[in-house]
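Spelled out from the first residue to the last, the chains are:
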Amino acid sequence: MTAHPSATAPVPPAPDALLSPLTGYTRAHWESAADRLLNALAPHSSPGLALYRLPGRTSHAGALSDGMEGYVRSFLLAAFRIAGAGGTETPDGQRLTPLIERYAAGLAAGTDPAHPERWPAIQDRSQPMVEAASIAVALHETRPWLWDRLDDRVRSRTVEWLGGIVGATPFDSNWRLFQVVVEEFLASVDAPHSRAEIDAGLARLDDWYRGDGWYTDGDGQKFDYYNAWALHLYPALWARIAGDRADSGLVATHRARLRAFLESHQYFFGGDGAPLHQGRSLIYRYGSTAALWAGALTDATPLPPGRTRRLASGALKHFTDRGVPGPDGLLSLGWYGPYLPLTQSYSGPASPYWAAKAFVGLLLPAGHPVWTATEEPAPVETEDRVLALPGPGWLLHSTAADGIVRLVNHGSDRLPPQSVPLPDNPHYSRLAYSTATAPQTPPHDRTGTPDNHIAVLDNSGISRRRRIHRLHVKGRTAASWYADEGPAPGAPGSVTTVSVVHGPWEIRIHQVSATAGSTVRETGWSVAYDAASCRVEAGPGWVVARCANGLATVLAGLLGWDGRAAQLDGSVVEAEGLNAFGRHSATPVLTLPHHPGGTLFLATLVVLTGDSRLQDDARALYLGAEVRITTSGDIEIRFPDGRQEQIAAGLFTEPARGCPGERRTCAL
C-alpha cells in the first residue's frame with residue numbers, strides 16, 4: 001500500500017476563456033485544487049494514517065481530536081474527489097487507488113480500540129460527533145470503492161464507533177444534523193440506530209426556520225454561513241443516504257427551502273469572487289459555496305448552471321489568487337493568511353478543511369450543465385442592487401462599478417434567547433459587513449475601536465452592541481434598537497437605528513437616549529491593507545480615508561453632530577494587527593463629547609467604495625447628502641446623487657432633538 005502519495009502540487013490546468021470567460025475555471029481546476037490540498041496533507045499523516053497532525057494552535061478539544069479532524073475532513077474531500085471520478089481517474093484505475101487505500105487504512109486504525117492511533121469515542125457534545133457526520137457522508141459517497149471492499153472486521157469496528165452517536169446528546173444547533181446523518185448511514189448498513197432521533201433532529205430544524213430560505217443556527221438570532229455549509233447541506237446529503245427511506249414530503253420541503261435560500265445566497269459574493277465576510281467559522285472560506293452545488297445536485301436551485309459555476313469558481317479563484325492555500329499547500333487558521341482572532345476556541349489546525357464541502361460539486365457528473373454551460377455573470381456584476389431579507393434582519397446593497405456587496409445588519413447577534421450579559425461578537429454585532437472588508441477583531445490581550453458601530457460610552461470608554469431588537473426590514477430600509485449594558489454603574493440607555501441604503505451609501509438615523517454629558521461615538525468601515533497607508537482628509541463632522549488598495553471610506557455627520565463642541569473634526573483610528581484582511585487598518589470615527597441628556601437624534605452618512613470615479617474627488621462621496629426632520633416628525637433623506645427617501649415618524653417614538661433650531665434641515 002502507498003502510505004504517502006507524492007506531495008508535489010499538480011500543475012493547474014490552463015484557463016478556459018470560452019467555457020469560463022469570467023473565471024477561466026473548469027471542472028479540471030476543481031479537481032486540481034482538490035489534488036493539491038490532498039497531496040499537501042499526506043506528509044502530515046501519522047504512521048497508521050488515522051491522524052493528520054498539522055502545524056498550528058491546538059483546539060479546546062485537544063491534540064488527539066485535532067489529529068482525527070485532519071483525517072476526517074480531508075477524507076470528505078477525498079470522497080468527493082473519488083466519487084466524482086467514478087472511483088478511478090485513468091482506465092487502469094491507478095491514480096486514485098492510493099487515495100482510496102490511504103483513507104481505508106486510516107479508517108481501520110482509527111476505529112481499532114487496540115491501535116495507538118485510535119480515535120476518541122463519541123460522547124455527548126464532543127467533537128467526534130461533528131466528525132462522525134463527515135465520515136458517514138464520505139463512506140456513503142465512496143461505498144462501491146471503499147466501504148464495500150473493507151474487511152468485515154473493519155466494517156464492524158466502524159459501525160461500533162459510529163454507533164456511539166445513538167443516544168448521545170448533541171448541542172441544540174446544526175449539531176442535531178450530525179446525528180441525523182450518522183444514524184441514517186447506520187440504517188443504510190443495517191446497523192443499530194434510532195429512527196426517533198433522526199426524526200427529532202429533522203423536526204428541530206423546522207423550529208429554526210425563519211422564512212425565505214433562512215434558518216437561525218439554534219434558538220436566537222444566529223444567522224450566518226451555517227445556512228450554507230450545514231443547515232441546507234446536511235438535509236440534502238441525508239436524503240442521498242436515506243434514499244427510499246426518506247419522507248418524500250420532507251425532502252420536497254427541504255428542497256423548496258434550499259431553492260429559496262439560493263435566491264438570496266447568490267447575492268453574497270463580490271465581483272472578485274469574495275464571499276461576504278460575516279459570522280463565525282470563516283476559516284472554511286469557499287466552503288460557503290457548498291449550498292450552490294447542493295442546489296444543483298438536488299435539482300433545487302433557481303440559478304442557471306453557468307451562474308452557479310461562476311459563483312463557486314469565483315470564490316475558489318479569489319482565495320487561490322491571494323495565496324490560499326499557503327506555500328506549504330495547507331489551509332491556515334485565517335482568511336488569506338493566518339489570523340487567529342478570526343477563529344473560535346473549537347478551531348484546530350485542520351478545522352479549515354471543512355472547506356472540503358465546496359467540492360461537493362464534483363459529485364455532479366462531468367456532463368452536467370453546471371460543468372458544461374458557459375459562465376454567466378454574478379448578480380453583482382450586472383447592476384446595482386438592494387435586497388431586503390426580513391428573515392435574518394438584513395439589507396444587502398451592492399454596486400456593479402466596484403463589485404462590492406455590503407450587508408446592513410439589523411437582526412443577527414448570536415446571543416442566546418435569555419438576557420445574559422455577554423460580550424458582543426464582532427462577526428455578528430456590527431451594523432455592516434462586506435465582501436471587501438473584515439470587522440476589527442483584536443486578539444484577546446488587546447482592545448480596539450469597533451467598526452460600524454454607534455455607542456454611548458461608559459466611564460471606561462467601553463460600549464457593546466448587545467441584543468439586537470429588530471423593528472423593520474423592507475425595501476431600502478431596516479431598523480433595530482439595542483440597550484447598552486456596559487459594565488460600569490449607571491450605564492447609558494438605548495440606541496435605535498434606521499438604515500437607508502442606495503448605491504455605495506448608507507444613511508443611518510440614530511435615536512440615542514443617554515444621560516447628560518455622555519460621550520457618543522460612531523465608527524464607519526474599517527479598511528485593511530498591508531504595505532501602503534491611507535490618505536486621510538477630515539473636517540467638521542466628516543472624514544474620508546482613501547487607501548492604496550483602491551478602497552475609500554467616508555463617515556460624515558448629517559444631523560446632530562454639529563454645535564456640541566468647539567471642534568468636532570472627524571478622525572481615523574489606525575491600528576496594526578487587528579484585522580484579518582491586512583496588517584494595518586484604518587477606521588473613521590465621529591465623536592460627540594457631550595450628549596445633552598434625554599433623547600437625541602443623530603444622522604450619519606457611511607460610505608464604502610472601490611469606484612475610482614467617486615474616489616477622484618473626496619467631496620463627491622458626501623456633498624449633497626441631507627437629512628431633514630419635517631414638522632410631522634417624518635424624516636426626509638437625500639443622497640449625494642440626489643435620490644430621496646422618506647422615513648415615517650412611527651419608527652421612532654421619542655421626540656426629535658439634535659438639530660440647531662427646531663426640526664430644521666441639517667446638511668453638509
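Placed above this text is the structure.
Everything numeric here is computed off the predicted structure, so don't read it as measured data.

Caption draft 1: Main features of the sheet that holds strand β3 (residues 404-409). The 4 strands are arranged β1-β2-β3-β4 in an open sheet whose pairing can be described as antiparallel. Each of the sheet's edge strands pairs with one partner strand only, and the pair in question is β1 (385-389) and β4 (432-434). Shown here is a sheet whose adjacent strand axes are inclined to one another by a mean of 20°, direction ignored. Here β1 pairs with strand β2 (residues 394-399) via 5 bridges, running antiparallel.

Caption draft 2: Representation of the layout of surface pockets in the model. The calculated volume of the second largest pocket comes to roughly 310 Å³. Classifying every residue of the lining of the second largest pocket gives 8 nonpolar, 6 polar and 4 charged.

Caption draft 3: Representation of the environment of Gly 201. Among the structural elements, Gly 201 can be located in helix α7 (residues 195-207). Sequence-distant contacts of Gly 201, that is, excluding residues within four places in its chain, are made with Arg 176, Leu 177 and Val 180.

Caption draft 4: Inspection of the packing of aromatic side chains at higher detail. Inspection of the entire model under this criterion finds 36 aromatic pairs. Ring centres 5.0 Å apart and planes at 70° place the aromatic pair Trp 214 and Phe 261 in the edge-to-face group. Here Trp 214, found in the loop between α7 and α8 (226-231), pairs with Phe 261, found in helix α10 (residues 248-265); they are 47 residues apart in sequence, far enough to count as distant. Taken individually, Trp 214 and Phe 261 each receive the classification buried, so the pair is uniform in this respect. Judged by centre distance (6.0 Å) and plane angle (50°), the ring pair of Phe 268 and Trp 394 falls under tilted. Here Trp 394 lies in strand β2 and Phe 268 lies in the loop between α10 and α11 (290-297), a separation of 126 residues in the sequence. We classify Phe 268 as buried; its relative accessible area is 2%. Residue Trp 394 is classed as buried on the basis of its relative accessible area, which comes to 0%. Between the NZ or CZ atom of Arg 125 and the centre of the ring of Phe 171, over which it lies, the distance is 5.9 Å. Residue placement shows Arg 280 over the ring face of Tyr 226; its charged tip is 4.1 Å from the ring centre.

Caption draft 5: A look at unusual backbone geometry. The omega torsion across Val 324 and Pro 325 is 0°, close enough to zero to call that bond cis. The residue Pro 325 is located in the loop between α12 (305-321) and α13 (369-372) in this model. Phi angles above zero are rare outside glycine, and Arg 125 is one such case at about 50°.

Caption draft 6: Highlighting the environment of Val 572. Within the fold, Val 572 resides in strand β15 (residues 571-579). In this structure Val 572 comes out as buried when scored by relative accessible area, which is 18%. Each C-alpha atom, one on Val 572 and one on Glu 184, is 54 Å from the other, the two residues being 388 residues apart in sequence. Aside from chain neighbours lying at most four places away, what touches Val 572 is Val 536, Val 543, Ala 545, Ala 586, Thr 587 and Pro 588.

Caption draft 7: Representation of empty space enclosed by the protein in the model. In the structure shown here, the tally under the stated rule is 5 cavities of 30 Å³ or more. Here the largest cavity defines a volume of roughly 110 Å³. Lining of the largest cavity is provided by 13 residues; of these, His 232, Pro 235, Ala 236, His 254 and Arg 255 occupy positions nearest its centre. Of all the elements in the fold, those that place two or more residues in the lining of the largest cavity are α9 (233-242) and α10. Among the residues making up the lining of the largest cavity, the classes are represented as 9 nonpolar, 3 polar and 1 charged.

Caption draft 8: The pattern of salt bridges, seen in detail. In total, this model carries 32 salt bridges according to the counting rule given. For Arg 406, the salt bridge goes to Asp 402, with nearest N and O atoms at 3.3 Å. Overall, the relative accessible area of 0% leaves Arg 406 in the buried class. For Arg 430, the salt bridge goes to Asp 451, with nearest N and O atoms at 3.8 Å. Here the residue Arg 430 occupies a position in the loop between β3 and β4, and Asp 451 occupies one in the loop between β4 and β5 (453-457), the gap between them amounting to 21 residues. You can call Asp 451 buried: its relative accessible area is 2%. Counted as one network, the salt bridges with shared partners bring together Arg 27, Glu 31, Asp 35, Arg 81 and Arg 95.

Caption draft 9: Broad picture of the state of the cysteines. Applying the stated criterion to the full structure yields 1 disulfide. Cys 534 shares a disulfide with Cys 547; S-S distance 1.8 Å. Residues Cys 534 and Cys 547 are joined through a disulfide that is right-handed, its torsion about the S-S bond being 95°. Highlighted residues: Cys 534 in strand β12 (residues 534-539) and Cys 547 in strand β13 (residues 542-547), separated in sequence by 13 residues. Taking relative accessible area as the criterion, Cys 534 reaches 10% and is therefore assigned buried.

Parameters and conventions
- Residues numbered from 1 in each chain as written.
- Predicted model: local features only at pLDDT ≥ 70, side-chain atom pairs only at ≥ 80, totals over all residues.
- Heavy atoms only, no water.
- Pairing = 2+ DSSP bridges.
- Helix = DSSP H or I, 4+ residues; strand = E, 2+ residues; numbered from the N terminus.
- Axes fitted to C-alpha atoms, helices over the stretch in contact; angles between N-to-C directions.
- 1 Å grid on protein atoms, 1.4 Å probe; cavity = no way out; pocket = protein on both sides within 12 Å on 5 of 7 lines; lining within 4 Å.
- Points joined across faces, edges and corners; volume = space filled by probe spheres on them.
- Nonpolar A, V, L, I, M, F, W, Y, C, P; charged D, E, K, R; others polar.
- Contact = heavy atoms within 4.5 Å.
- Phe/Tyr/Trp six-rings, centres within 6.5 Å; stacked < 30°, edge-to-face > 60°.
- Buried < 20%, exposed > 50% of the residue type's maximum accessible area, 1.4 Å probe, protein only.
- Lys NZ or Arg CZ within 6 Å of the ring centre and 35° of its normal.
- Salt bridge = Lys/Arg side-chain N within 4 Å of Asp/Glu carboxyl O.
- Disulfide = S-S within 2.5 Å.

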